[in-house]
Amino acid sequence: MTQLTELQGTYTLDPTHSEVGFVTRHAMVTKVRGRFNDYSGTATIDGANPSNSSLEVTVQAASLDTNNADRDTHVRSADFFDVEQYPTITFRSTDFAVSNDTVDVTGDLTIKDVTKSVTIPFDFNGAATDPFGNERIGFEGKVDVSRADYGLTWNAALETGGFLVADKVTLEFEVSAVKQA
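Summary of the structure given here.

Quick notes on the rules
Residues numbered from 1 in each chain as written. Predicted model: local features only at pLDDT ≥ 70, side-chain atom pairs only at ≥ 80, totals over all residues. Heavy atoms only, no water. Helix = DSSP H or I, 4+ residues; strand = E, 2+ residues; numbered from the N terminus. Buried < 20%, exposed > 50% of the residue type's maximum accessible area, 1.4 Å probe, protein only. Contact = heavy atoms within 4.5 Å. Pairing = 2+ DSSP bridges. Core = buried A, V, L, I, M, F, W, Y, C linked by side-chain atoms within 4.5 Å. Patch = residues over 30% accessible without salt bridge, like charges linked within 9 Å, V, L, I, M, F, W, Y side chains within 5 Å. Areas by Shrake-Rupley, 256 points an atom, 1.4 Å probe, with all protein chains shown as cover. Salt bridge = Lys/Arg side-chain N within 4 Å of Asp/Glu carboxyl O. Lys, Arg positive; Asp, Glu negative; His and termini not counted. Charge placed at Lys NZ, Arg CZ, Asp CG, Glu CD. Phe/Tyr/Trp six-rings, centres within 6.5 Å; stacked < 30°, edge-to-face > 60°.

**Some thoughts on the environment of S40**
No. 1: Mapped onto the secondary structure, S40 falls in strand 4 (residues 39-46).
No. 2: Residue classification places S40 among the partly exposed positions, given a relative accessible area of 42%.
No. 3: The spatial distance from the C-alpha of S40 to the C-alpha of E56 is 8.4 Å, given a sequence separation of 16 residues.
No. 4: Contact partners of S40, with chain neighbours within four places excluded, come to L13, E56, V57 and T58.

Right, here's the structure in full:
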C-alpha cells in the first residue's frame, strides 16, 4: 500500500467521486445535512517534505443542496451566504503536518468576506490506479466551525428555548483526486 510520505505530484479533485458537505443542528433536536454540488480543487503534494505541499479549493456557494428547495433558497439569501454578493467559498492551505496516515491541513477558509484559519485533519484512505489508468488518492476529513465567526448569524428563537439553527457546523469532506501527468 502506498504511504502518505510517498505521494508526489499535482492532483485535481474529482467532483464525481468526492463530496463537500456539512451538518448542523436544526430546532435543537435533529440534524440537517447538505452538500455543495459545484466545486474544484488542486493539491500539490510533496509527501517527503509536507511543508512544500499546497491545496486550493473553490466552492460555488449557490450550488448548496439540502434536499429542500425552500431552505436552500433561504440559505443562499443575504440571511446566510448572500451568494449574489459572495458567489464563492474558498480554502487555501498555509501548512501541512503529517502523522502516520493523517495530514492536518491548516489554511484560510473564506466565507462571504471573512477569512479565518482552520485546521482540517484528513485521513489518508490510500492510492490506486483506476481501470482507466488514472492514479487516484483518497482522503476524508471533517472540522467544526462557528457560523457566527463568518457573519452567518441569522437565527430564530424557539418558544422552548434555544435557537432554530445551531452555531456549530461540521464541514465534511470525502475526497478522490487524480494525479495530473
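**Points about the pairing of strand 10 (residues 135-146)**
No. 1: Looking at chain direction, strand 9 (residues 114-129) and strand 10 are connected through seven bridges and run antiparallel. Across the sheet, the residue bridging to F122 is G141, located in strand 10.
No. 2: Between strand 9 and strand 10, which pair antiparallel and follow one another directly, the connecting turn spans five residues, one of which, G133, has a positive phi of 85 degrees.

**Looking at the nonpolar core**
No. 1: If you look at the biggest cluster of nonpolar residues, it comprises 40 residues, and the most contacted ones within it are F81 and L109.
No. 2: Setting aside anything within four residues of it in sequence, one finds F81 in contact with F36, L64, V75, R76, Y86, I89, I111, K112 and L152.

**A word on a negative patch on the surface**
No. 1: On the surface, a cluster of negative charge is made up of E19, D101, D123, E140 and E174.
No. 2: Topologically, D123 is positioned in strand 9.

**Points about the packing of aromatic side chains**
No. 1: Applying the stated criterion across every chain yields a total of five aromatic pairs.
No. 2: Aromatic pair F122 and F139: ring centres 6.5 Å apart, planes at 85 degrees, arrangement edge-to-face. Note that F122 is positioned in strand 9 and F139 in strand 10, a separation of 17 residues in sequence. Just as F122 is buried, F139 falls in that class too.
No. 3: Taken together, a centroid distance of 5.2 Å and an interplanar angle of 45 degrees make the contact between F124 and F139 tilted. With a gap of 15 residues between them, F124 in strand 9 and F139 in strand 10 connect regions that are remote in the sequence. Assigned by exposure class, F124 and F139 land together as buried.
No. 4: Members of the aromatic cluster, joined through ring pairs, are F122, F124, F139 and F173.

Geometric values such as these leave the question of function open.
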